[in-house]
Amino acid sequence: MKAWEATVRKTQAAAKKRANTIFGTSYAVDNVEEENEDEEDGHASGEVYHAERFLPNGDYYNGYWADNFPHGNGKYWWTDGCMYVGEWFRGKSMGKGTFSWPSGASYEGNFKSGFMDGEGTYTGANGGMYRGSWVMNLKHGFGLKDYANGDSYEGEWSRGAQEGDGKYQWKSGTFYVGEWKNGKISGKGTIYWTNENLYEGNWEDGFPKGNGTFRWPDGSFYTGYWSKDAKEQNGTYYPSGSVVVGNLEWDPQEVFNNDLKDCTVCPAEKVPIWPSQKKLAVWSSSKGAESSVRSRRMSVDGRIDAGVDKDMSRMRLSDGASPHHCSAGVLDRGAMAGHDSDDTFSGLPVEGMSTRGSPLRIPKVVKRQGETICKGHRNYELMLNLQLGIRHSVGRPGPPPSLDLKPSAFDPKEKYWTKFPSEGSKITPPHQSCEFRWKDYCPKVFRTLRMLFKVDAADYMLSICGDDALRELSSPGKSGSFFYLTNDDRYMIKTMKKAEVKVLLRMLNAYYNHVRAFENTLVTKYFGLHCVKLNGPAQKKVRFIIMGNLFCSEYMIHRRYDLKGSTFGRLTDKPESEIDATTTLKDLDLNFIFRLQKTWFQEFRRQADKDCEFLEQERIMDYSLLVGLHFIEASNDDHTPPGARTPVEPRNQNFSSDADNGGSETESVPRLSRADVDQLLLDPERWASIKLGINMPARVERTERRNDGEVQLVGEPTGEYYDVIMFFGIIDILQDYDITKKLEHAYKSIQYDPNSISAVDPRQYSRRFRDYIFKVFAEDT
């Protein structure tokens, strides 16, 4: 009887489909779930077989299938007209395939985790075409672009825009060969007009800026400093030897007004939706479950949409699957959490077909760190003094800084004292604090560094000196330094020893040249070095540095690691019950390999080499790589609708490994919902916020260490992957190899393996540090 009923249901569904084809009516599939469920019968978990799926929302799939997901070659058609034909891997477009839009646009090439990634060709609806390299839906690497209007570009791309060396040719025949930055002609390059005139020199934002030469076919030329501002233009005209009377009346502004008038670069085409943003209507068998359980939508990159069917507890895995194993990337959260989930932690799904080891537990709530410094706090007056001094230093009028600083600006003696009496003075305001003196170290250098790091002076003062108080971490770090955070979490203020100040002033010139030469440097960004001297019997001096907070982000930091590449003392001494999202873990706590996209990994290796060479030359050691991880799946709050925000996430995170993690407050700031996370990841316009070590989409692979009695610095990969947003940078760069560290090395080397301790010669430290981080960071293949 059951077999006969199943046959009738299939016949009815087929009849409705034929009726839809004949009459053009909507195909309402009442019994699609039963039809698909019957087709699942007889297939073991993990078995790959050919299937046809008419999904409840109207989507259609035809191809190979395994455990309720596309797996192998297949075609998926969405009701909006988009279609993907190609290779799948556990519900993700992975490998070679073709994605087409209803507008007529198409992409043919490689896919990775749902993204256009690798070599591929995009043909726009307007006829434009790009052939080249892609990374996560964006043109990245070498590529050739033919625009619909007849223009073309061949060269390097970065994050969707021209960046590096390239050639752009206009349909008129005029062409430019040279450097690009963020989609605009910038740097050194030459433009050749069809009338054989040419300009060779420096460019900025698409126009000549700086030193350059304009040449005519007859051999005459004009050379000098170029600018769109006629007041800044300055140069000399040189007639050709064959010309008796040169063009002495020629105005260089004609180049901007006439010659370059039609030389505009075509803008990038708009793509309404990216392949990775498309959702799959993934059907799950409802056998034995309540009839109300419906299908879930899942993005092409394999993540479940938080906006549909919130009741995770009622989802079933594929037939016969154990609740402690995942099926094609979908897990039962309660099972992953050991049926012990609460409001604080949730189990995290992984990409593999099964999990090994204990479940990864990710906190849903991270309380805000630090104690607000209010009136009555022991450091309240120090905070007022600091804010008064910063406002005075930054707000003091002066000429706009130049990037080319004189050697005298770096002189350690270049410091200025200012007295702040309580009643005020000609240059200082009255205040309620005690009288104090304020010192600025190398103010011209730090003002220029702030400009180099694109820090707006008004925003800088508002962050540190605004109405909101600073927050102090509850106790000093091992070095004895105290740490303070601004209320908006942008900046961290650290008290310093006199020896550290001397080291920074000694290396300041080299530091400035390094961060100027390498825009993507991983070393700490410094914005100001100051000293407060309190009046009174003690005459106490407090020196402090202002630096950027690496973890200032809209993303919750779920895990953080301080990595050095040594083993002695590199295990967190807290009991497991006290370890939370604010705990800074160490080398022997690390159980992940960080996998970056190919181009990012190559850039990471290059920059880490440059940064370590710089620190080695300055005789610096004992620095760390601070790493923060935001697990994307943990953003999927089952009770939070798309776009909603729940007040459970702080944005401040410790910058230095030296800081203690106590002293949390109950106050919190908005946390991103899952929809917000997807928007940040998938909208190319938001990629401007993604830089090396900042807001980087990546994957981590879980590792396990052998239990053979030996200390294993890097564990063995398990095949379990998690999608994350990564933050990382090199911190604690002010420890030189002084006599104290040399004695520490000599003493510990007697008791322990010399290669296991942190205090080693800068050359050995740099080599060991790089060897280690290039093992825990790898290319995502």
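Scroll up a little and you will see the structure.
The structure displayed is predicted, hence computed values, not measured ones.

1. A closer look at the sheet that holds strand 28 (residues 491–496)
So, step 1. Taken in spatial order, the eight strands of this open sheet run 23-26-27-28-30-29-25-24, and their pairing is antiparallel. Either end of the sheet is taken by a strand with one partner, and the two such strands are strand 23 (371–372) and strand 24 (415–420).
So, step 2. Direction of pairing for strand 26 (residues 471–472) relative to strand 27 (residues 483–485): antiparallel, over a ladder of two bridges. Across the sheet, residue Glu472 finds its bridge partner in strand 27, namely Tyr484.
So, step 3. Its contacts with the sheet place helix 7 (residues 457–465) against strand 28, strand 29 (526–534) and strand 30 (541–548), and it is angled at close to 65° to strand 28.

2. Let's talk about the pairing of strand 6 (residues 106–112)
So, step 1. Inspection of the sheet shows strand 5 (residues 92–100) paired to strand 6 by six bridges, in the antiparallel sense. If you follow Phe99 over to strand 6, its bridge partner there is Tyr107.
So, step 2. Here strand 5 folds back onto strand 6 in antiparallel fashion, the turn holding five residues, of which Gly104 has a positive phi close to 105°.
So, step 3. Where strand 6 meets strand 7 (residues 115–123), six bridges bridge the pair, whose relative direction is antiparallel. From the neighbouring strand, Tyr107 faces strand 7, where its bridge partner is Tyr122.
So, step 4. Hairpin connection from strand 6 to strand 7: two residues lie between these consecutive antiparallel strands, with Ser113 at a positive phi of about 50°.

3. Some thoughts on the pattern of salt bridges
So, step 1. Tallied over the full model, the rule gives 22 salt bridges.
So, step 2. A salt bridge links Glu204 to Lys209; the shortest N-O distance between them is 4.0 Å.
So, step 3. The partly exposed category is assigned to Lys209, whose relative accessible area is 27%.
So, step 4. A salt bridge links Arg619 to Asp761; the nearest nitrogen and oxygen atoms lie 3.5 Å apart. Taken together, the positions of Arg619 in the loop between helix 9 (598–617) and strand 34 (624–631) and Asp761 in the loop between helix 11 (739–751) and helix 12 (762–776) put the pair 142 residues apart, joining distant regions of the chain.
So, step 5. For Arg619, a relative accessible area of 39% gives the class partly exposed.
So, step 6. Residues participating in the shared-partner salt-bridge network are Asp609, Glu616, Arg763 and Arg770.

4. A closer look at helix 7
So, step 1. When helix 7 is considered as a whole, its buried residues turn out to be Tyr460, Ser463, Ile464 and Cys465. The buried residues of helix 7 all sit within an arc of 160° when viewed along its axis, so they share a single face.

5. A few points about the sheet that holds strand 34
So, step 1. One open sheet holds the seven strands; their spatial order is 32-31-34-39-38-33-40, and the pairing between them is mixed. Bordering the open sheet on either side are strand 32 (584–585) and strand 40 (777–779), each of which pairs with just one other strand.
So, step 2. Looking at chain direction, strand 34 and strand 39 (residues 716–731) are connected through eight bridges and run antiparallel. Residue Phe631 lies in a different strand from strand 39, and its bridge partner there is Val724.
So, step 3. Contacting strand 33 (592–596), strand 38 (696–704), strand 39 and strand 40, helix 9 runs over the sheet at an angle of about 145° to strand 40.
So, step 4. Contacts from helix 12 reach strand 31 (559–563), strand 33, strand 34, strand 39 and strand 40 within the one sheet, and its direction differs from that of strand 40 by about 50°.

6. Thoughts on helix 8 (residues 498–517)
Every α-helix winds through 3.6 residues per turn, so residues three or four apart in the chain are directed the same way.
So, step 1. When the terminal C-alpha atoms of helix 8 are compared, their 28 Å separation across 20 residues agrees well with the 28 Å that a helix rising 1.5 Å per residue should span.
So, step 2. Maximal helix bending in helix 8 amounts to about 55°, located at Leu508.
So, step 3. Contact partners of the buried residues in helix 8: strand 25 (436–441), helix 6 (443–452), strand 28, strand 29, strand 30 and helix 9.

7. Details of the nonpolar core
Nonpolar side chains tend to gather and get buried jointly when the protein is soluble and globular.
So, step 1. Phe594, Met726, Phe728 and Phe777 are the most contacted members of the largest nonpolar core, which has 97 residues in total.
So, step 2. The biggest single contributor to this core is helix 8, with nine residues.
So, step 3. One finds Tyr76, Cys82, Met116 and Trp193 within the second-largest nonpolar core, a separate group that totals 46 residues.

8. Describing the packing of helix 8 against helix 9
So, step 1. Put simply, helix 8 and helix 9 touch, their axes get as near as 11 Å, and they point 165° apart. Considering their axes alone, helix 8 and helix 9 lie roughly antiparallel with respect to each other. Crossing geometry of helix 8 relative to helix 9 is assigned as right-handed. Together, Met507, Ala510, Tyr511 and His514 of helix 8 and Gln607, Lys610, Asp611 and Phe614 of helix 9 make up the contact between the two elements.
So, step 2. Of the residues in the contact of helix 8 with helix 9, the class split is four nonpolar, two polar and two charged.

9. Topic: the packing of aromatic side chains
The way to describe two aromatic rings as a pair is by their centre distance and the angle between their planes.
So, step 1. On inspection of all chains with the given rule, the structure shows 54 aromatic pairs.
So, step 2. Look at Tyr107 and Trp134: their rings are 5.4 Å apart centre to centre, the planes differ by 80°, and that puts the pair in the edge-to-face class. With Tyr107 in strand 6 and Trp134 in strand 8 (residues 129–135), this residue pair connects regions lying 27 residues apart in the sequence. Exposure class is identical for Tyr107 and Trp134. Each is buried.
So, step 3. Taking 6.4 Å as the distance between ring centres and 40° as the angle between the ring planes, the aromatic pair formed by Phe207 and Phe256 counts as tilted. In this pair, Phe207 is assigned in strand 15 (residues 207–215) and Phe256 in helix 3 (residues 253–259), connecting sequence segments 49 residues apart.
So, step 4. Given the relative accessible area of 28%, Phe207 is considered partly exposed.
So, step 5. The positively charged end of Arg53 is found above the aromatic ring belonging to Trp65, 4.8 Å away from the centroid.

10. Here's the deal with a positive patch on the surface
So, step 1. Together, Lys413, Lys415, Lys498, Lys502 and Lys541 give the surface a local cluster of positive charge.
So, step 2. Looking at the element boundaries, Lys502 is found in helix 8.

11. Quick look at the pairing of strand 16 (residues 221–226)
If a strand is regular, its side chains alternate between the two faces of the sheet.
So, step 1. One ladder, built from six bridges, connects strand 15 with strand 16; its direction is antiparallel. Bridge pairing links Thr213 to Thr223 in strand 16.
So, step 2. Once strand 15 ends, the chain turns through five residues before running back antiparallel as strand 16, passing Gly219 with a positive phi of about 100°.
So, step 3. Note: strand 16 against strand 17 (residues 234–238), five bridges, orientation antiparallel. Bridge pairing links Tyr222 to Tyr237 in strand 17.

Definitions and cut-offs
- Residues numbered from 1 in each chain as written.
- Predicted model: local features only at pLDDT ≥ 70, side-chain atom pairs only at ≥ 80, totals over all residues.
- Heavy atoms only, no water.
- Pairing = 2+ DSSP bridges.
- Helix = DSSP H or I, 4+ residues; strand = E, 2+ residues; numbered from the N terminus.
- Contact = heavy atoms within 4.5 Å.
- Axes fitted to C-alpha atoms, helices over the stretch in contact; angles between N-to-C directions.
- Salt bridge = Lys/Arg side-chain N within 4 Å of Asp/Glu carboxyl O.
- Buried < 20%, exposed > 50% of the residue type's maximum accessible area, 1.4 Å probe, protein only.
- Arc of directions from axis to C-beta.
- Expected span 1.5 Å × (residues − 1).
- Bend = angle between axes of the 7 residues up to and from the residue.
- Core = buried A, V, L, I, M, F, W, Y, C linked by side-chain atoms within 4.5 Å.
- Parallel < 35°, antiparallel > 145°, perpendicular 65-115°, else oblique.
- Left-handed = near helix turned anticlockwise from the far one by under 90°.
- Nonpolar A, V, L, I, M, F, W, Y, C, P; charged D, E, K, R; others polar.
- Phe/Tyr/Trp six-rings, centres within 6.5 Å; stacked < 30°, edge-to-face > 60°.
- Lys NZ or Arg CZ within 6 Å of the ring centre and 35° of its normal.
- Patch = residues over 30% accessible without salt bridge, like charges linked within 9 Å, V, L, I, M, F, W, Y side chains within 5 Å.
- Areas by Shrake-Rupley, 256 points an atom, 1.4 Å probe, with all protein chains shown as cover.
- Lys, Arg positive; Asp, Glu negative; His and termini not counted.
- Charge placed at Lys NZ, Arg CZ, Asp CG, Glu CD.

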